[in-house]
Amino acid sequence: SFEIYCATVLGIDVHASDADPRLINFWTHLQDHPQALIDAIWELYRQRHPLDKEKFRQMQDELRTGSMDLQCAAMYFCVNRASRAGTTLSGGFQG
């Protein structure tokens, strides 16, 4: 993303905000614990592969009610990547 480019290549401090606490949780874990997040995403992939519409909807429901932790951050990434146009909680499954 442009923000990551500014921070890593140009050395500019980047401050961002969003109304979605799940997105903030994802970015916080990505910045503070990148390897733990990658490991959690792979574990989630192993547990739920192949992802179908039922598992996708189940993860959307878990995101709506889950706590803001590493597991939620990993799930946010997976659901975002599998949803149409990246509409994590309101989008449909893109199989």
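Use the structure listed above.
Criteria and cut-off values
- Residues numbered from 1 in each chain as written.
- Predicted model: local features only at pLDDT ≥ 70, side-chain atom pairs only at ≥ 80, totals over all residues.
- Heavy atoms only, no water.
- Salt bridge = Lys/Arg side-chain N within 4 Å of Asp/Glu carboxyl O.
- Helix = DSSP H or I, 4+ residues; strand = E, 2+ residues; numbered from the N terminus.
- Axes fitted to C-alpha atoms, helices over the stretch in contact; angles between N-to-C directions.
- Parallel < 35°, antiparallel > 145°, perpendicular 65-115°, else oblique.
- Contact = heavy atoms within 4.5 Å.
- Nonpolar A, V, L, I, M, F, W, Y, C, P; charged D, E, K, R; others polar.
- Core = buried A, V, L, I, M, F, W, Y, C linked by side-chain atoms within 4.5 Å.
- Buried < 20%, exposed > 50% of the residue type's maximum accessible area, 1.4 Å probe, protein only.
- Phe/Tyr/Trp six-rings, centres within 6.5 Å; stacked < 30°, edge-to-face > 60°.

Novice: Honestly, the pattern of salt bridges in this entry has me stumped. Any pointers?
Specialist: Opposite charge on two side chains makes pairing possible when the charged atoms of those side chains draw close. Counted according to the given criterion, the structure contains four salt bridges. Notably, a salt bridge pairs D20 with R22, separated by 3.5 Å at the nearest N-O pair. With a closest N to O distance of 3.1 Å, D61 and R64 form a salt bridge. Pair noted here: D61 and R64 are both in helix α4 (residues 53-65), with a separation of three residues, about one helical turn.

Novice: Whenever I open this one, the packing of helix α2 (residues 21-32) against helix α5 (residues 70-82) confuses me. Can you help?
Specialist: Packed helices, taken two at a time, are described by the angle their axes make and the gap between the axes. Between α2 and α5, the shortest axis-to-axis distance is 8 Å and the interhelical angle comes to 105°. Considering the angle they form, α2 stands roughly perpendicular to α5. Contacts between α2 and α5 involve R22, L23, N25, F26 and H29 from the first element and L70, C72, A73, Y76 and F77 from the second. The residue inventory of the contact of α2 with α5, partitioned by class, reads seven nonpolar, two polar and one charged.

Novice: What should I look at first to understand unusual backbone geometry in this one?
Specialist: Most peptide bonds take the trans configuration, and most residues that are not glycine carry a negative phi. With an omega of -5°, the peptide bond between H49 and P50 qualifies as cis. Tracing the backbone shows P50 in the loop between α3 (34-48) and α4.

Novice: Can you help me understand the nonpolar core in this one?
Specialist: The tendency in soluble globular proteins is for nonpolar side chains to be buried side by side. Counting 17 residues, the largest nonpolar core has L37, L44, M59, L63, A74, M75 and V79 as the members making the most contacts within it. Here the element with the most residues in this core is α5; it accounts for eight residues. Not counting chain neighbours up to four residues away, the residues in contact with L37 comprise F26, H29, L30, L70, A73 and A74.

Novice: Sorry, what's going on with the packing of aromatic side chains here?
Specialist: Each aromatic ring pair is characterised by the separation of its centres together with the angle its planes make. Under the criterion given, the structure shown has five aromatic pairs. Ring plane angle 85° and centroid distance 5.6 Å describe the contact between W42 and Y45, whose orientation is recorded as edge-to-face. One end of the pair is W42 and the other is Y45, both in helix α3 and three residues apart, which spans about a single turn. By relative accessible area, Y45 is classed as partly exposed at 40%. Both rings, one in F56 and one in F93, keep their centres 5.3 Å apart while their planes meet at 50°; by these two values the pair is tilted.

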